[in-house]
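Below, each chain spelled out in residue letters.
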Amino acid sequence: MSEPYGDRPAEDPPYDGHPLVAAARRLAEDTLAPAAERADREGVDPATIAAVKASGVLGAAGPAAYGGAAAPAPVVREIAETLAGACCATFFVQAQHHTPVGTLAAAPEGTPVREQLLRPLCDGTLLSGIAFSHLRAFPRLPVRVTREHAGWRFDGRVPWYTGWGLNDVLMLGGATEDGEVVFAVTEAREQPGLRATGPLELAALSGTRTVGLELDGLVLPDGAVALRQPYEDWAAADRPKNTNVNPAVLGVTRAALDLLDTSGDEAAVRTAGVLRERLVAVRKDAYALLDEVPAAERIADRLAAKMRAYDVLRAATTAAVVAGGGRAVGLDRPAQRLAREGMFLLVQGQTADVREAHLAALRG
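Nothing here was measured: the structure is a model prediction, and the numbers come from that model.

Calculation rules
Residues numbered from 1 in each chain as written. Predicted model: local features only at pLDDT ≥ 70, side-chain atom pairs only at ≥ 80, totals over all residues. Heavy atoms only, no water. Buried < 20%, exposed > 50% of the residue type's maximum accessible area, 1.4 Å probe, protein only. Helix = DSSP H or I, 4+ residues; strand = E, 2+ residues; numbered from the N terminus. Pairing = 2+ DSSP bridges. Core = buried A, V, L, I, M, F, W, Y, C linked by side-chain atoms within 4.5 Å. Contact = heavy atoms within 4.5 Å. Lys, Arg positive; Asp, Glu negative; His and termini not counted. Salt bridge = Lys/Arg side-chain N within 4 Å of Asp/Glu carboxyl O. Polar contact = N/O pair within 3.5 Å; in protein donor to acceptor, adjacent residues only side chain to side chain. Arc of directions from axis to C-beta.

K.L.:
Now, about the pairing of strand 1 (residues 128-131): what can you tell me, with residues and values included?
P.N.:
Judged by which residues are buried, strand 1 turns out to be covered on both faces: S128 and I130 on one side and G129 and A131 on the other are all buried. Of the pairings in the sheet, the one linking strand 1 to strand 4 (residues 169-175) comprises 4 bridges and is parallel in character. In the strand pairing of strand 4, G129 is matched with L170.

Here it is as structure tokens:
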């Protein structure tokens, strides 16, 4: 198979025939890639989200008992690479969904919100967004949570919320004054105590319908709570996550190399060959760290792999623009979109440790 999203490095484990990988590639080729430039300029279409829901990818990592596929991690990563390479805006909207699925799956059996929502989230009936990255600012409290009767009151501002108008529900995180993290789920719509700002003006992924959320006395009942945990316990599990290579980085890199391969320019094809070797190498190293090493170990190696992945991403997306010449910067051309998506991925999920390592690598 010579079309984009079909060729895979020889080092891959034998997950190529997994039905969800096949479904993701059909979704990418038939729906996402053809509409990617329009989604970038005009916003991700609800019809595209309907196709994502119907494809089965939203339940990839969900428990089988609740309608999920319980797919192995390499399958989940391959799906992410495939969708990101086809349309990073659509990928990013659906990427938010997998945190609520994982959080609810880890909640104790009998937790009301788990029993109510986990199945429709796994089977694609519902799409969820997330609002919790502000927790990494603790001890500052961008979103403050206080106990109120038989529920929890949320006040403050969520600076980034992706998928407004596309998501059915959202998982909201906040922290109390004494350092407890509270995650609760509510409908993704304006309601008493919750208001969305206008769409944020972004240089990349502006089609993701990203807004801010103003919280002024949003009260959610105990039954909506998915997680309560001391901040330090939550942070200890959260901190290592973003030191790993994001599969979306590899997916966008792959898409840029596909452009070079199909350009008809001999120098561009040679460049793609060299960069693809680097991509294969960093992918192998990064995923070995994920699969074989405990999450909190070898952080320096994870960061080093992440920087290598960023290097090949920048080289590939730049090469796609260079090979395309002046035409490549037209808004109807994928090269400029991939370059801007690459820029976005350099800072998406960025923590202080990642930023410091990235700047040090650039100095080096």
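After that view of the structure, there is still more to cover.
K.L.:
Break down the nonpolar core for me, citing the residues and quoting the values.
P.N.:
Nonpolar side chains in soluble globular proteins tend to end up buried together. Formed by 67 residues in total, the largest nonpolar core has its most connected members in V44, I79, L83, F91, L250, L257 and L345. It is helix 11 (residues 299-324) that contributes the most residues to this core, 10 residues altogether. Ignoring anything within four residues of it in the chain, the contact list for I79 reads L20, A24, V57 and A60. Counting residues in each nonpolar core, the second largest holds 23 residues, with L118, L126, L141 and V181 among its members.

K.L.:
Break down the side chain of R302 for me, citing the residues and quoting the values.
P.N.:
Topologically, R302 is positioned in helix 11. Put simply, R302 is tucked away with no salt bridge, and the nearest opposite charge, on E297, sits 6.7 Å away. For R302, the side chain forms a polar contact with the side chain of N244, separated by 2.8 Å. Looking at R302, its side chain comes within polar contact range of the main-chain oxygen of P294, at 2.7 Å.

K.L.:
Please provide a residue-by-residue account of helix 8 (residues 231-238), values included.
P.N.:
For an α-helix, 3.6 residues make a turn, and residues three or four places apart therefore share a direction. Within helix 8, the full set of buried residues consists of Y231, W234, A235 and D238. In an axial view of helix 8, the angular spread of the buried residues amounts to 95°, which keeps them on one side of the axis. Its buried side turned inward, helix 8 meets strand 5 (180-187) and strand 8 (225-230).

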